[in-house]
Amino acid sequence: MQTGQLPFAIILTLTIYQPFEDFVLNWLPLPSPLISLIRFVPEITLYVLMVRVIYLRLSSGKGIRKTPLDILIIAFFIGSMISIVVNHAGIAGSIKNLRTNFRYISVYYTVVNIDISIEQLSLLLKSIRLASLIQAGIASIQYFLPASITQKLFTRQVIHSATMAAKNASIGTFGDSAILSGFLMLAISVFISHVYTNSSHLIPTFKDSVSILVLYFANFASKKRAALMISLLIPILVLVHLNRKRDTALILWFATALLITVVLVSPLLNLQTSAASVSEDGEIPDLTSYFFSIFSPDYWQHNLEAQRGWAAKTIVNGLMNSGGWFGFGPEPGALQRGIENSVILSPDEQRHLSWHVELLEDAYWFAFLGYFGIVGLGIFWLILLRLYQTSQSLIKSSSSLEYKSLGVMLCTIIIVSFFYTFVERTFKLRPFSFYFWLLAGLVVNSWSVQQENRK
């Protein structure tokens, strides 16, 4: 407090703590309701910290730093309020849904409004890399352990435990393989961006190569096919943003050759690549079949007709029939009612919707469209675009390797998360959301510092 570094110290502590929060809480000898309350402590701490930082800046006469997102964020919340009123959505449910989508916006505004040196930036990024390697190491070990042991040691959530045990998927210390895969996609982007920004070689050093392989193996062990496939694009995206055209061409050539080999070889292996490669009870009988099934027409037909495709089609049809620009309301119950009132559903579809309304969130951009309408979705995509443009500006204008690496990280993360959010509720995953808004704040902070120095 005497040096004015308390906000940075809190952010650094939460950066280290965030990936291991579930594991720490799992071992506390406390009842579940109390554990749930403790889970809110970091979030509340960040809100209080944001208010304190803003107050100190105003009281000192510095003023709040303007960011490229301010108007868009205000517009999004105004649009959400209009959606609540127009659709008569429940206030409590709407606020909860808004919170889960923007729970760490406080990190963004706190980081933007404090002074962060390049050395402190380097420490934060190093902490993320170290935490991701520890997480990947744990997930890799879990791959070889019986599911019962992993379940007993790393989770207290019955539903998630059952899913994990059925698929024998690694969960790291998160208690859920979806959270692990989302975190690892971000971590791989951070790690590879750092490696290629600080080295001109296409093949990293032995130490970095081993670290990258561990991160990818952990992502593979999460049994999330889409996350693994999208993560394979990360090295290409990093090289493109660093404008390393020759290395990009080499990787593209290798990736194309590998893909052609997979397509040609998979029929010869006589693999089970249909949608039935996962049995009704969730068991995965053949790991190779499970991953190769993503290349099967049956897999995509099943997805489009019975899973995410059905959710996307149902939401879009409902919005077109209702003509609502602001969606059905930012509440799951309002989304379900809106669909039921605007789409003719068969008895099976009605039971499907009533049984598990969260199925609509599997194709999350379409669920977002249903909650906030084309206005809300458009504004949120503009937020991502503005962050991408700011990151690009930081890459091009900065002579600091740390700043350049930071810009490449966020550019890459925005692209991979944009595509992954079509199949997963990425921005609602706590670790991903925390680090995304942390990196966004660091980018805008660095960009603002450079703008101020030029003036």
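Quick look at the overall build of the protein now. Within the protein, the secondary structure is distributed over 23 helices and zero strands. Burial status across the protein gives 52% buried among its 455 residues. Here the analysis covers contacts within the protein between residues at least 6 apart in sequence; of these, 75% occur between residues at least 24 apart. Element-wise, carbon and sulfur atoms account for 68% of the exposed surface of the protein, whose accessible area totals about 21200 Å².

Now for the pattern of salt bridges. Enumeration over the complete set of coordinates arrives at eight salt bridges. Two residues, Glu 43 and Arg 99, come together in a salt bridge whose shortest N-O distance is 2.7 Å. Here Glu 43 is found in helix 4 (residues 41–59), whereas its partner Arg 99 is found in helix 6 (residues 91–102), with 56 residues between them in sequence. You can call Glu 43 buried: its relative accessible area is 3%. For Arg 99, a relative accessible area of 23% corresponds to the partly exposed category. The salt bridge involving Asp 115 is made with Arg 65; its shortest N-O contact spans 3.5 Å. Residue Asp 115 is found in the loop between helix 7 (105–112) and helix 8 (118–143), and its partner Arg 65 is found in the loop between helix 4 and helix 5 (70–87); the two are separated by 50 residues along the sequence. Note on Arg 65: relative accessible area 9%, which makes it buried. If you follow the salt bridges from partner to partner, you end up with Glu 43, Arg 99 and Arg 103 in one network.

The next point concerns helix 6. Between its terminal C-alpha atoms helix 6 stretches 16 Å, which fits the 16 Å expected from 12 residues at 1.5 Å a residue. Buried within helix 6 are the following residues: Ser 94, Asn 97, Leu 98, Thr 100, Asn 101 and Phe 102. Elements that come into contact with the buried residues of helix 6 comprise helix 4, helix 5, helix 7, helix 21 (364–397) and helix 23 (430–454).

Bringing the packing of helix 6 against helix 21 into the picture now. In contact at an axis separation of 13 Å, helix 6 and helix 21 are set at 80 degrees when each is read in the N-to-C sense. Classed by the angle they form, the pair helix 6 and helix 21 counts as roughly perpendicular. Facing Asn 97, Leu 98, Asn 101 and Phe 102 of helix 6, the residues of helix 21 in contact are Tyr 364, Phe 368, Tyr 371, Phe 372 and Phe 380. For the contact of helix 6 with helix 21, the residue count by class is seven nonpolar, two polar and no charged.

Let us look at the side chain of Ser 398. As for its position among the elements, Ser 398 is in the loop between helix 21 and helix 22 (401–420). On the accessibility criterion, Ser 398 (5% relative accessible area) is buried. Among the polar contacts listed, one links the side chain of Ser 398 to the backbone nitrogen of Ser 400, at a separation of 3.1 Å.

Glancing now at helix 22. The terminal C-alpha atoms of helix 22 lie 28 Å apart, and with 20 residues this matches the ideal 28 Å at 1.5 Å per residue to within 8%. A large share of helix 22 lies buried, amounting to 15 of its 20 residues. Where helix 22 begins, one side-chain oxygen reaches toward the backbone nitrogen of Glu 402, 3.3 Å away; that side chain belongs to Ser 400.

Among the secondary structure elements, Asn 445 is positioned in helix 23. Here Asn 445 is in contact with Arg 65, Val 111, Val 112, Ile 114 and Ile 116, once residues within four sequence places are set aside.

For the structure on display, the rule yields 38 aromatic pairs. Relative to Phe 427, the ring of Phe 380 has its centre 5.4 Å away and its plane inclined at 80 degrees; by these criteria the two rings are edge-to-face. Of this pair, Phe 380 sits in helix 21 while Phe 427 sits in the loop between helix 22 and helix 23, and the two are 47 residues apart along the sequence. Given the relative accessible area of 1%, Phe 380 is considered buried. Take Phe 427: its relative accessible area is 3%, and that puts it in the buried class.

Before going further, it helps to examine unusual backbone geometry. For Lys 223, which is not glycine, the phi dihedral falls at a positive 60 degrees. Relative to the assigned elements, Lys 223 resides in the loop between helix 12 (206–221) and helix 13 (225–231). Judged by its relative accessible area of 7%, Lys 223 falls in the buried class. Even without being glycine, Asn 243 reaches a positive phi, approximately 60 degrees. Note on Asn 243: relative accessible area 53%, which makes it exposed.

So, about the environment of Gly 63. Assignment of secondary structure puts Gly 63 in the loop between helix 4 and helix 5. Linking Gly 63 and Asn 113, residues 50 residues apart in sequence, is a C-alpha distance of 9.2 Å.

A contiguous nonpolar surface patch, about 360 Å² in accessible area, is contributed by Ile 74, Ile 78, Ile 82 and Val 86. You can see Val 86 is positioned in helix 5.

With that settled, the discussion passes to the nonpolar core. Ranked by internal contacts, the top residues of the largest apolar core, which has 107 residues, are Leu 387, Phe 436, Trp 437 and Leu 439. The greatest single-element share of this core, amounting to 15 residues, is contributed by helix 21. Excluding anything up to four places from it in sequence, Trp 437 contacts Leu 69, Asn 101, Phe 102, Tyr 104, Ile 105, Val 107, Tyr 108, Ile 383 and Leu 387.

Here Tyr 403 lies in helix 22. Residue classification places Tyr 403 among the buried positions, given a relative accessible area of 9%. Tyr 403 sits 43 residues away from Ser 446 along the chain, and the two C-alpha atoms are 6.9 Å apart. Sequence-distant contacts of Tyr 403, that is, excluding residues within four places in its chain, are made with Ile 118, Leu 121, Leu 394, Ser 398, Ser 446, Val 449 and Gln 450.

In this structure, the C-alpha to C-alpha distance between Asp 115 and Phe 8, residues 107 residues apart in sequence, is 8.5 Å. Apart from residues lying up to four places away in sequence, Asp 115 is in contact with Lys 62, Arg 65 and Gln 120. There is a polar contact of 3.5 Å between the side chain of Asp 115 and the side chain of Arg 65.

Rules behind the numbers
- Residues numbered from 1 in each chain as written.
- Predicted model: local features only at pLDDT ≥ 70, side-chain atom pairs only at ≥ 80, totals over all residues.
- Heavy atoms only, no water.
- Helix = DSSP H or I, 4+ residues; strand = E, 2+ residues; numbered from the N terminus.
- Buried < 20%, exposed > 50% of the residue type's maximum accessible area, 1.4 Å probe, protein only.
- Contact = heavy atoms within 4.5 Å.
- Areas by Shrake-Rupley, 256 points an atom, 1.4 Å probe, with all protein chains shown as cover.
- Salt bridge = Lys/Arg side-chain N within 4 Å of Asp/Glu carboxyl O.
- Expected span 1.5 Å × (residues − 1).
- Axes fitted to C-alpha atoms, helices over the stretch in contact; angles between N-to-C directions.
- Parallel < 35°, antiparallel > 145°, perpendicular 65-115°, else oblique.
- Nonpolar A, V, L, I, M, F, W, Y, C, P; charged D, E, K, R; others polar.
- Polar contact = N/O pair within 3.5 Å; in protein donor to acceptor, adjacent residues only side chain to side chain.
- Phe/Tyr/Trp six-rings, centres within 6.5 Å; stacked < 30°, edge-to-face > 60°.
- Patch = residues over 30% accessible without salt bridge, like charges linked within 9 Å, V, L, I, M, F, W, Y side chains within 5 Å.
- Core = buried A, V, L, I, M, F, W, Y, C linked by side-chain atoms within 4.5 Å.

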